[in-house]
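# Reading the structure
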Amino acid sequence: MLSFYDRPSLRHALTLPWQADLKGLLRKRIDQIFDDGLADLTHLLVIEPCDTETMVQKEIGFSPLEVEGVRHGSPGFIPRWDILHDHGGWFELIFCVGNDGFAFVLLVQDGPGSVWPELRDACRREVGGGGQ
């Protein structure tokens with residue numbers, strides 16, 4: 001997983017050799033983060049194929065697929081994310097935390113052999129009308 005959590009790391013993210021679709025999405029999102037004055041209040045993660053739920057949970061302190069012991073797909077599950085976008089090949093999950101503007105932004109690839117299949121599949125179901 002690639003983690004960008006402050007002004008220097010967000011700027012550095014734009015210098016890395018990304019595939020074209022992700023590079024465009026990162027440019028758009030990071031520009032917006034800076035334009036909105038949220039660079040010190042945003043933690044952006046690009047989830048990679050080798051990343052696991054445990055790794056993500058360790059990095060951000062929670063699992064996007066579990067809320068108060070209820071797993072995604074279980075009765076009573078209410079997604080923790082505030083916004084879910086399908087960017088055609090990439091999902092973007094935004095988790096607003098508190099009232100000061102802080103947010104976690106997770107980018108999850110949508111494709112065969114892509115990252116953390118359970119999270120990718122949850123994004124597909126939710127975007128398809130199965131929730132949020």
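Let me begin by describing the structure that accompanies this report. As the structure is a computational prediction, the values presented were derived from the model and not from experiment. (Residues numbered from 1 in each chain as written. Predicted model: local features only at pLDDT ≥ 70, side-chain atom pairs only at ≥ 80, totals over all residues. Heavy atoms only, no water.)

So, on to the overall build of the protein chain. On a plain count of helices and strands, the protein chain comes out with four helices and seven strands. Listing every helix and strand of the protein chain by position from the N terminus yields β-α-α-β-α-β-β-β-β-β-α. Here the C-alpha radius of gyration of the protein chain, 14 Å, is about what a compact globule of 132 residues would show, namely 14 Å. Across its three principal axes, the protein chain shows a C-alpha extent of roughly 40 × 35 × 25 Å. The burial tally for the protein chain puts 40% of its 132 residues in the buried class. In the structure as shown, the protein chain presents an accessible area of about 6,800 Å², 52% of it carried by carbon and sulfur atoms. (Helix = DSSP H or I, 4+ residues; strand = E, 2+ residues; numbered from the N terminus. Rg over C-alpha atoms; globule rule 2.2 N^0.38 Å. Buried < 20%, exposed > 50% of the residue type's maximum accessible area, 1.4 Å probe, protein only. Areas by Shrake-Rupley, 256 points an atom, 1.4 Å probe, with all protein chains shown as cover.)

Counting 19 residues, the largest nonpolar core has I60, L93, F95, L106, V108 and L119 as the members making the most contacts within it. Those residues in contact with I60, other than ones at most four positions away along the chain, are L45, F104 and L106. Counting 18 residues, the second largest nonpolar core, distinct from the first, contains F4, A13, L14 and I30. (Core = buried A, V, L, I, M, F, W, Y, C linked by side-chain atoms within 4.5 Å. Contact = heavy atoms within 4.5 Å.)

Moving on, we come to unusual backbone geometry. Of note in this structure, E68 is not a glycine but carries a positive phi near 50 degrees. On the secondary structure map, E68 appears in the loop between strand 3 (66–67) and strand 4 (70–71).

The next point concerns the pattern of salt bridges. For the structure on display, the rule yields nine salt bridges. A salt bridge links R29 to E92, with the shortest nitrogen-to-oxygen separation between them at 2.3 Å. Here R29, found in helix 2 (residues 20–35), pairs with E92, found in strand 6 (residues 90–97); they are 63 residues apart in sequence, far enough to count as distant. Of the two residues, R29 and E92, neither departs from the other in class, the shared state being buried. The salt bridge involving E66 is made with R71; its shortest N-O contact spans 3.4 Å. Under the relative-accessibility criterion, E66 is labelled partly exposed at 30%. Of the residues examined, R71 reaches a relative accessible area of 22% and is grouped as partly exposed. Among the charged side chains, a salt-bridge network with shared partners connects E53, E66, R71 and E118. (Salt bridge = Lys/Arg side-chain N within 4 Å of Asp/Glu carboxyl O.)

A few words now on helix 2. A rise of 1.5 Å per residue sets the reference length of helix 2, with its 16 residues, at 22 Å; its end C-alpha atoms lie 22 Å apart and thus fit the reference within 8%. Taken together, the buried positions of helix 2 are occupied by L22, L25, L26, R29, I30 and I33. Seen from one end, helix 2 has its buried residues packed into an arc of 120 degrees, which puts them on one side. Facing away from the buried side of helix 2 by more than 90 degrees, the exposed set consists of A20, K28 and D35. (Expected span 1.5 Å × (residues − 1). Arc of directions from axis to C-beta.)

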